[in-house]
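Spelled out, the chains give:
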Amino acid sequence: MKTDVSTTYSYFSRHMRNCTATIATSVTLLAYRMSPDEPALINEVVEASYLLDLFDAGMDICFSHDMGKVPSYEDTYPLEPILLHFMDQCKSLMSERNIKLNLRIENPAIINAHVYELRTITNLIIYEMILQTAGKLSVSLKNKTITLAAEGFYDVPKVWEIFQEVLATSGVRFTYSQESCTLEFGV
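On a predicted model such as this, the values are computed, not experimentally measured, just so you know.

On to the nonpolar core. The biggest cluster of nonpolar side chains holds 51 residues, and the ones touching the most others in it are Phe-12, Ile-125, Ile-130, Trp-160 and Phe-163. In terms of residues, this core owes the most to one element, helix α5 (residues 115-132), which gives nine residues. Those residues in contact with Ile-130 that lie beyond four places of it in its chain are Phe-86, Met-87, Cys-90, Leu-93, Met-94, Arg-97, Ile-99 and Leu-137.

Attention shifts here to the pairing of strand β4 (residues 136-142). Looking at chain direction, strand β2 (residues 100-106) and β4 are connected through seven bridges and run parallel. Directly across from Arg-104, in β4, lies its bridge partner Ser-140. Across six bridges, β4 lies against strand β5 (residues 145-150) in antiparallel orientation. Directly across from Leu-137, in β5, lies its bridge partner Ala-150. Connecting β4 to the antiparallel partner β5 that follows it, the hairpin turn spans two residues, and Asn-143 within it adopts a positive phi of roughly 55 degrees.

So, on to the sheet that holds β4. With respect to topology, five strands assemble into an open sheet ordered β2-β4-β5-β7-β6, the strand pairing being mixed. Either end of the sheet is taken by a strand with one partner, and the two such strands are β2 and β6 (172-176). When the angles between neighbouring strand axes are averaged without regard to direction, this sheet yields 10 degrees. Across the face of the sheet, α5 comes into contact with β4, β5, β6 and β7 (180-185) while running at roughly 165 degrees to β7. Relative to β6, helix α6 (residues 159-168) is tilted by about 160 degrees, and along the sheet it contacts β6 and β7.

Turning our attention to the pattern of salt bridges. With the rule as written, the count across this model stands at four salt bridges. Of the charged contacts, one joins Asp-88 and Lys-91 as a salt bridge, the two residues approaching to 3.1 Å between their closest N and O atoms. Close ionic contact of Glu-106 with Arg-104 constitutes a salt bridge, the shortest N to O distance being 3.7 Å.

All right, on to α5 then. Its 18 residues give α5 an end-to-end C-alpha distance of 26 Å, which sits within 8% of 26 Å, the value for a rise of 1.5 Å per residue. Where burial is concerned, most of α5 is hidden: 15 out of the 18 residues are buried.

Next up on the list: the packing of helix α3 (residues 79-89) against α5. Remark: α3 packs on α5, axes separated minimally by 11 Å, with the N-to-C direction vectors making an angle of 40 degrees. Classified by the angle between their axes, α3 and α5 sit oblique to one another. The handedness of the crossing between α3 and α5 is right-handed. For the pair formed by α3 and α5, the contact residues are Ile-82, Leu-83, Phe-86 and Met-87 on the first element and Arg-119, Asn-123, Ile-126, Tyr-127 and Ile-130 on the second.

Two cysteines joined by a covalent bond between their sulfur atoms form a disulfide. Counted by the stated rule, this structure contains zero disulfides. No disulfide involves Cys-62; its sulfur sits 15 Å from that of Cys-181, the nearest cysteine. Residue classification places Cys-62 among the buried residues on the basis of a relative accessible area of 0%.

Cut-offs used in this document
Residues numbered from 1 in each chain as written. Predicted model: local features only at pLDDT ≥ 70, side-chain atom pairs only at ≥ 80, totals over all residues. Heavy atoms only, no water. Core = buried A, V, L, I, M, F, W, Y, C linked by side-chain atoms within 4.5 Å. Buried < 20%, exposed > 50% of the residue type's maximum accessible area, 1.4 Å probe, protein only. Helix = DSSP H or I, 4+ residues; strand = E, 2+ residues; numbered from the N terminus. Contact = heavy atoms within 4.5 Å. Pairing = 2+ DSSP bridges. Axes fitted to C-alpha atoms, helices over the stretch in contact; angles between N-to-C directions. Salt bridge = Lys/Arg side-chain N within 4 Å of Asp/Glu carboxyl O. Expected span 1.5 Å × (residues − 1). Parallel < 35°, antiparallel > 145°, perpendicular 65-115°, else oblique. Left-handed = near helix turned anticlockwise from the far one by under 90°. Disulfide = S-S within 2.5 Å.

Structure below.
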């Protein structure tokens with residue numbers, strides 16, 4: 001358990017510091033009117049704020065899992081709108097990194113699950129794929145399966161082992177390699 005707590009802390013604190021620094025720097029530039037491209041800077045602040053909230057939620061979920069707490073609330077979980085919303089929230093990051101997104105959706109499912117945990121962890125996995133992609137990201141939703149494939153993905157984060165355990169407690173099989181990962185919901 002000590003290793004899991006350390007892994008969780010290291011992963012989330014690094015990302016939360018990055019988001020906080022982005023917000024602080026951007027707001028300072030806006031306050032002193034030092035940016036010629038205000039709309040882009042505002043979008044950056046909005047995106048960093050969204051991601052900061054996501055990392056905070058993910059850290060809470062992983063720490064709760066590390067401490068043996070089991071989620072109790074289940075609800076209907078539509079995969080398509082949640083996936084599309086997250087991709088929209090990260091469009092500035094993808095644009096900034098020149099990522100070409102190939103998004104394919106076929107027969108998206110509605111499942112009954114621990115919505116908060118699954119939505120958060122799924123979005124964190126997609127974020128990590130976006131962050132490490134070196135050009136092209138393919139995202140496919142078919143029925144109850146999300147498949148992600150990235151060019152140049154170089155480092156599977158250690159925290160994914162914890163994500164795998166969290167997802168398994170909610171009936172999701174999460175498998176991954178250096179180039180791709182799959183989330184199979186309701187297995």
